[in-house]
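# A look at the structure
Chain by chain, the residues run as shown.
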Amino acid sequence: MYYRVNDDIALRGWKDIPYAYYVKDEPGARKLTSREFFCMLLCDGTTDLEPSSTLERLERRGLVSRCKKGDAPSAWSAYRRCGNAHVPKMNLMLSGRCNYNCPHCFNAADNAPLMTEWSFEDLVRLLDQAQACGIHSVMITGGEPMLHPRFMDAVREIYARGMYVDKINTNGSFICKDVLDELRAIGCDPLMKISFDGLGCHDFMRGVAGAQERTLRAIELCVENGFKVAAQVQVNRVTAGSLNETLCYLDDLGVSSARLIRTSESDRWLANAAGATLSVEEYYATSLEVCGRYAGHDHTMELFVWQLLSLSPASKSYRLFPVRFAEGAYHDGCSRCLANRQMVAITSAGEVVPCMQMSGYFAKRGISLGNVHEKPLSDILASDVYQTVACDTVGDLRRRKGKCATCRHFEQCAGGCPALALILPDREVEGVRSIDADPSKCLFFDGDWQQRIKTMLAGWNCK
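These numbers were taken from a predicted model, which means no experiment stands behind them. (Residues numbered from 1 in each chain as written. Predicted model: local features only at pLDDT ≥ 70, side-chain atom pairs only at ≥ 80, totals over all residues. Heavy atoms only, no water.)

Attention now goes to the packing of aromatic side chains. Per the counting criterion, the structure on display carries 11 aromatic pairs. Centre to centre, the rings of Trp14 and Tyr22 are 5.6 Å apart; their planes meet at 80 degrees, and the pair counts as edge-to-face. When sorted by exposure, Trp14 lands in the same class as Tyr22, which is buried. A ring pair is formed by Phe37 and Tyr79, whose centres lie 5.1 Å apart and whose planes are at 75 degrees; its orientation type is edge-to-face. Separated by 42 residues along the polypeptide, Phe37 in helix 1 (residues 34–41) and Tyr79 in the loop between strand 5 (64–67) and strand 6 (80–81) bring together distant segments of the chain. A relative accessible area of 3% means that Phe37 is categorised as buried. (Phe/Tyr/Trp six-rings, centres within 6.5 Å; stacked < 30°, edge-to-face > 60°. Buried < 20%, exposed > 50% of the residue type's maximum accessible area, 1.4 Å probe, protein only. Helix = DSSP H or I, 4+ residues; strand = E, 2+ residues; numbered from the N terminus.)

This part covers the pattern of salt bridges. This model, assessed by the stated rule, comprises 26 salt bridges. One salt bridge in this structure joins Asp438 and Lys441, with 2.5 Å as the shortest N-O distance. Comparing Asp438 with Lys441, the two get one shared label, buried. Through salt bridges with shared partners, one network takes in Arg150, Asp153, Arg156 and Glu182. (Salt bridge = Lys/Arg side-chain N within 4 Å of Asp/Glu carboxyl O.)

On to the nonpolar core. By size, the foremost hydrophobic cluster in this structure holds 105 residues, and its most contacted members are Met90, Val344 and Leu377. Ranked by residue count, the leading element in this core is helix 10 (residues 280–295), at 8 residues. Sequence-distant contacts of Leu377, that is, excluding residues within four places in its chain, are made with Leu126, Gln129, Ala130, Cys133, Ile135, Val344, Ile346, Val352 and Val372. Counting residues in hydrophobic clusters, the runner-up holds 16 residues, among them Cys39, Cys43, Leu58 and Val64. (Core = buried A, V, L, I, M, F, W, Y, C linked by side-chain atoms within 4.5 Å. Contact = heavy atoms within 4.5 Å.)

Here we come to the sheet that holds strand 3 (residues 20–23). As summarised here, the arrangement of the 4 strands in space is 4-3-2-6, forming an open sheet in which the pairing is mixed. The two strands at the open ends of the sheet, each matched to only one other strand, are strand 4 (30–31) and strand 6. Of the strand pairs in this sheet, strand 2 (residues 9–13) and strand 3 are connected by 4 bridges, and their pairing is antiparallel. Looking at strand 3, one finds that Ile9 is bridged to Val23. Contacting strand 2 and strand 3, helix 1 crosses the sheet at an angle of about 120 degrees to strand 2. (Pairing = 2+ DSSP bridges. Axes fitted to C-alpha atoms, helices over the stretch in contact; angles between N-to-C directions.)

Shape is all these values report; function is a separate question.
Below is the structure:
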């Protein structure tokens, strides 16, 4: 009998995960046993295979199927070995340019506008390198990515390589029916992450009159045309008073989820509106009040409060982000930041950063982990300086003998968010090796916010 690897499956291998496969339009690779892997290698449409329990199991799982002799797997499904560690996702800043002038943009090192942008030729070379590294999922961001003159061509090139667009971060100003129809024709069905900072506040936060009307119309168009929308909402003194009204409005529009984000102490925000920043404790208190009111009414939209908690109205459950490990689940080898470990972020200038939230900070201080205009992406991913940051483990942090080494909460929070460890004030950071603990998590545990949330959400289940 002859078998072939199914068209929605791709055999892959990396230094740290030698036997694995991708499922089309799912970001992370799944592991295989060596027996399963080598059996799938023989499912090439030309090798006559004897029945076996392994083959039957792979067929039941939808990984392979019987075929006629000569019916070989697709080029995408064929085995590819990548010399780097497994990095399934890429966060690509397609353009640094933006038609808005947001005072809180963390990509900018100062108030000067970002003007860097990928040429189409350089972008194609980068996508070739990403494909060779085994990257499967791409999140497109900016600036405003749709401002790039060849935005749709960039999307087509991603799909031409067997990769797919998982999310698009946009301000929504260029979304129209024709754009959505063209995305759908390509086969692109991303989560549309649209920034909306609140009824009556959005124009100020985007620095352009009329931004609110355009953004709400973009959200409506996406929902009407079957695209899932995640609204991204900044939380500060300007927006705090409108949050509940805004969330109810977004829920009524059919938005799938909303993400409340504390407007952090980026260099640009401090230069423009330092007095509008909520302290971490104020952010916790404001968010908890908003969550309490939201949970008290009949809603369907999921709510994510950055670095604090998520609410799922359908199941009346919530999750605490600072509580990363349940009791007894901690282990030293776990990645300090799973997002950093699983996604490489690349700015519009070609700089590789652990996450986009660090990009402006690194740029202002001249910190570089590597630039893809100067070195191949695979070399940067394998370099010591990149590995130090992206593959930093919780055990590495504990061994630095800082506050975390003796903290009784460490095996729950694991040091928190590395980006916040850089950005929050009163931190002494020299280069990338001294990224220490996130002080906002210390405040969470020391202030007993876990119990306060439990009290506020009585009757809801904590996951």
